[in-house]
Structures are given as C-alpha cells and as structure tokens.
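Listed below are the residues making up each chain.
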Amino acid sequence: MKNITKNILLACLCLSCLFSSCDLLETDGDKDPNVTEEKFLESDNAMDAWLLGTEKQLSQAVGNYAQLLEILSDDYYNQYSRVSSVFDVPNLLNTDDNVKNLQRWVGTLRESADFALHTIAKQHAMTAAQRFEIQWIRGYSFLLGGENFTGLPATSCGDVKPWRELLDSAATNLQTALAEAPQDSDRALANTLLARTYYRLGNADKAEAYAKAAINASPDFAAFTYYDGANSVNNVVQEALWDNWFQPLPRLDFLDPKYFKRFATEERPVVIAKAEENYLILAEAELSKGNAANAKAWLRQLLTLVRSRPKESLIDANCEMYNTPTKPYPMSADYRVRASKDEPYRSGLVLTRSTTTALTVPVISGTSVDEAMIDEAGDDDALLEIIYLMRQEIFMAEGRRAADLGIRLPLADTEAAATGAATSYTKALVPPFIPGKGEMDNFDLDTTNKTVTIHYNMNHVIVENKRTDYVAPFFK
C-alpha cells in the first residue's frame, strides 16, 4: 500500500501542469526525485498502481466531505473547533481553507481519472472493470461538485460551469461507466449514482428509471470507500465522531457514532451509495405526482431493507468528552425529544451513554420511522416530511444533508482569480429559510422533566419551502 500510494502522489506531482496556477491538487508533497512520469508510465503495473492511488484519493475525498458537510447541516454541532468553527453558523466564505479543501478534492478526482483515461491507457490497455471504476469515479467527482457548489471548472483552470452543467457531466460519465459495469453490484452502483444525479436535477422520470434499474440489479446493495489505519490512510469523519468533536442533534442521537474504533488501527468504511437511496427517490417521485399510496408502498419496502442492515454493539468510551456545561447534551434514554415546540415528544431517540454502558448503533442505515408513522401521514406534506426525516436519518454522517437543505459552497478565491469567474459563483448560496447564528443545532434541555425541544424542525422547513428553487427538486 505504501509504495502504491507513493506512485499516485509522484505521478500527480509530475502532472502538476494539469492543475496550473489553481493549485488545487491534493498531495502530501512526498516526491521521489528518482521516479519520473516517464519511468512510472513504463512500469508494468502503472494502471493498477494508479487505480489504487485514485481509490485512496477517493477515500480521502469522501471522508472530508462527510466530515465538513455534516457540521454545515443540522446533523451535528462542532463543539471542538479543530475542524471549522464557522460552518455551523453557517458562514461560508470563498477564502475559507475548508471550502478550498472540498473543491480541491473534486479537481483531484477528476484529474486522476483523466490521467488514467488519456495518458496511462495509451501505454497500458484497460480492462472493462478498470474503465468502469475510473469512469464512475470521474462521474462522482462531477456529482460532488454539482451537489455542493454554486459552480466549478470542468477542466483544470477552465471556465467555471454552473452546478447544473456539472451534474450533466456527472450523468454523461456515469452512463459511460454503466455500459462497462462488469457485474450486478456495479450496475447497481452506477444506476444509483445516476438516480441521485437526476434527483438533484429535478428530473423525476429519469431518476425513477435509474432507481428502478438499480433495485432490479441489487435490491440491497451498499458500496463503500475503505481506509487503512495500519498505513495511516485514516477516516477523518470517524475521528470527529468517535472522539466526540461533533455532537449529534438529540433527535439523531440513536444513530451516533456511525464510525467507531474498536482497536487502534481500525478505520471504518464510508458508504458511497446504497440501495436505500433508490427507495427514497421512488417514494418522493410518486408523491410529487400525487400518488401517496405508491409512495407509502416504497417506504414500507425501505423499512424492511433498513431493518435488515447490520448493527454494532459498543461502548462509547469518549462519551463525556467535550459535553460542556455551556451546551450540555442528553445522555440518557429517559429523555424524550420533540422536533420543535409545536410537536409531540418522542421516546427512543436518545441512548444512555456512559463509559460502562453498551450501545447498539446501525452501521449502514437506521431510522426512527415505523409503519404507523407512514400509514398515519394524513396529507402529502406530512408524508413528504417523513421522507425527508428518513433521508436525514439514513444518510446520517455521510455528508448528504447540506444538499437537501439547499446550501451551496462558493467557488474558492484562488480558482476565481485564475479563471476570471463571475462574482456570482464566489458567494455561497444559503437559502433565506436557513436559520443563522447556529440555530439549526440549538435545543432546550430540561433536566428535571428529561425533555429536549429542538428549535427548528428543518424537515418541516424543507416541506414549507418545497416550491422554491432551493429544496425538494421534484416539486418545482
């Protein structure tokens, strides 16, 4: 792993001209003067080494997105500011190093894929499986950009493209990957990412078609990106959750920690795509067409899948770290939680945490929703709120919530200067209904009556604003 990782970094450094003055290539600067691009390309295992290196870059990109976008949403509060003390506000400036970091990963994945396709492939024939992996990673880079930024270049230091065009590029690359998919699990992955892309574009017909194709290929698949603690390829979102830098919103407490460390070198994988997304997309698409009964049927199937997912029993030995007197959190299952002051209290959302108490947490997906909640949803808005609650819970700690809230990051100042981008791209998009001053994370804790009241039920806020351009893409 160490030598292969070095190969990817060296080759990327040799190709720094591809990234030009934008300086958005993510490397660790570990350059060996004895290894040149020419020597690398002449090596027998150049494609295999590059592909493994690209997989490493993918794992780091996914971890960084999960870590930073979780605190940007209402999922987690960052009470230890080693990562970012402003994303929680949310305060999103194009001079912020974290914004640059996230943009950098998009460019790094795209350029790594391009080097494999356009340079290494000229000297080393690619197998169908290799072409599939490189193409879907390239598509995934555009998907990350299109979901989370106002706009980004589609080529190194090229013209800035608006987010919709980035998603169009994601779809093109993912369709190419789909044609190369060697087995059902690969077809499920490509179809799910395509469904996700068209979901964000608001194209219900195409999103439905790809979601159904994914389910037909594999109704319960999950694709992960992996880490290697023995070689210091670490999951950065695991560090934030397991060390309790981040605290979950109390109504999501039962899902935390999704990533944990049972031994010194354990680094938990992160889900890139899973079958749950397809059921959620199909339910929302049916509801947008006025077919509530069909939407409920898909959600019931989804519940069956979520309940089949594995769970892990563990002791959260760090549970009291950073649980500060200024913002105490409930740490007992005796607490009941309501999503806002106008809603009923619910039990079972908070776990009892101590250094001797075992917890049981889901490791792929979990939800507090049950059949009764689905059946009792009296109108379309109530059902749509349940869908967004399930999206929030099922994608917990995967960096997906900010996009559902309609938040978009700005183009980094270094990129804007190099490309002459319009100033409209350099400002973050924070919908006017997003409460400021960290209010998405705030709640009232009553230690006497063992109750928690969340200040804002953001799923309800999404539904209230479903006709705006910011959220609920199928309802425009």
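Residues numbered from 1 in each chain as written. Predicted model: local features only at pLDDT ≥ 70, side-chain atom pairs only at ≥ 80, totals over all residues. Heavy atoms only, no water.

**Quick look at the environment of Gly-436**
Inference 1: Position of Gly-436 relative to the elements: it lies in the loop between helix H15 (413–419) and strand S10 (443–446).
Inference 2: Residue classification places Gly-436 among the partly exposed positions, given a relative accessible area of 38%.
Inference 3: Separated by 345 residues in sequence, Gly-436 and Asn-91 place their C-alpha atoms 8.6 Å apart. (Helix = DSSP H or I, 4+ residues; strand = E, 2+ residues; numbered from the N terminus. Buried < 20%, exposed > 50% of the residue type's maximum accessible area, 1.4 Å probe, protein only.)

**Structural notes on the packing of helix H6 (residues 163–180) against helix H7 (residues 184–201)**
Inference 1: Remark: H6 packs on H7, axes separated minimally by 9 Å, with the N-to-C direction vectors making an angle of 160°. Classified by the angle between their axes, H6 and H7 sit roughly antiparallel to one another. Considering the relative orientation of H6 and H7, their crossing is left-handed. For the pair H6 and H7, the contacting residues are Trp-163, Arg-164, Leu-167, Asp-168, Ala-170, Ala-171, Leu-174, Gln-175 and Leu-178 in the first and Arg-187, Ala-190, Asn-191, Leu-193, Leu-194, Thr-197, Tyr-198, Arg-200 and Leu-201 in the second.
Inference 2: Tallied by class, residues from the contact of H6 with H7 come to 11 nonpolar, 3 polar and 4 charged. (Axes fitted to C-alpha atoms, helices over the stretch in contact; angles between N-to-C directions. Parallel < 35°, antiparallel > 145°, perpendicular 65-115°, else oblique. Left-handed = near helix turned anticlockwise from the far one by under 90°. Contact = heavy atoms within 4.5 Å. Nonpolar A, V, L, I, M, F, W, Y, C, P; charged D, E, K, R; others polar.)

**Description of the side chain of Asp-404**
Inference 1: Within the secondary structure layout, Asp-404 lies in helix H14 (residues 401–404).
Inference 2: Residue class for Asp-404 comes out buried when judged on its relative accessible area of 2%.
Inference 3: Reaching out from Asp-404, the side chain makes a polar contact with the side chain of Arg-200 at a distance of 2.9 Å.
Inference 4: Leaving out residues up to four positions away in the same chain, Asp-404 has contacts with Tyr-199, Arg-200, Tyr-388, Arg-391, Ile-462 and Val-471. (Polar contact = N/O pair within 3.5 Å; in protein donor to acceptor, adjacent residues only side chain to side chain.)

**Some details on the packing of aromatic side chains**
Inference 1: In this structure the tally under the stated criterion is 11 aromatic pairs.
Inference 2: With centroids separated by 5.7 Å and ring planes inclined at 5°, the aromatic side chains of Tyr-198 and Tyr-210 adopt a geometry described as stacked. Here Tyr-210 lies in helix H8 (residues 204–217) and Tyr-198 lies in helix H7, a separation of 12 residues in the sequence. You'll find Tyr-198 and Tyr-210 in the same group, each marked buried.
Inference 3: Judged by centre distance (5.1 Å) and plane angle (80°), the rings of Tyr-199 and Phe-474 are edge-to-face. With Tyr-199 in helix H7 and Phe-474 in the segment after helix H16 (458–464), this residue pair connects regions lying 275 residues apart in the sequence. (Phe/Tyr/Trp six-rings, centres within 6.5 Å; stacked < 30°, edge-to-face > 60°.)

The values reported here are purely geometric and, on their own, carry no functional implication.
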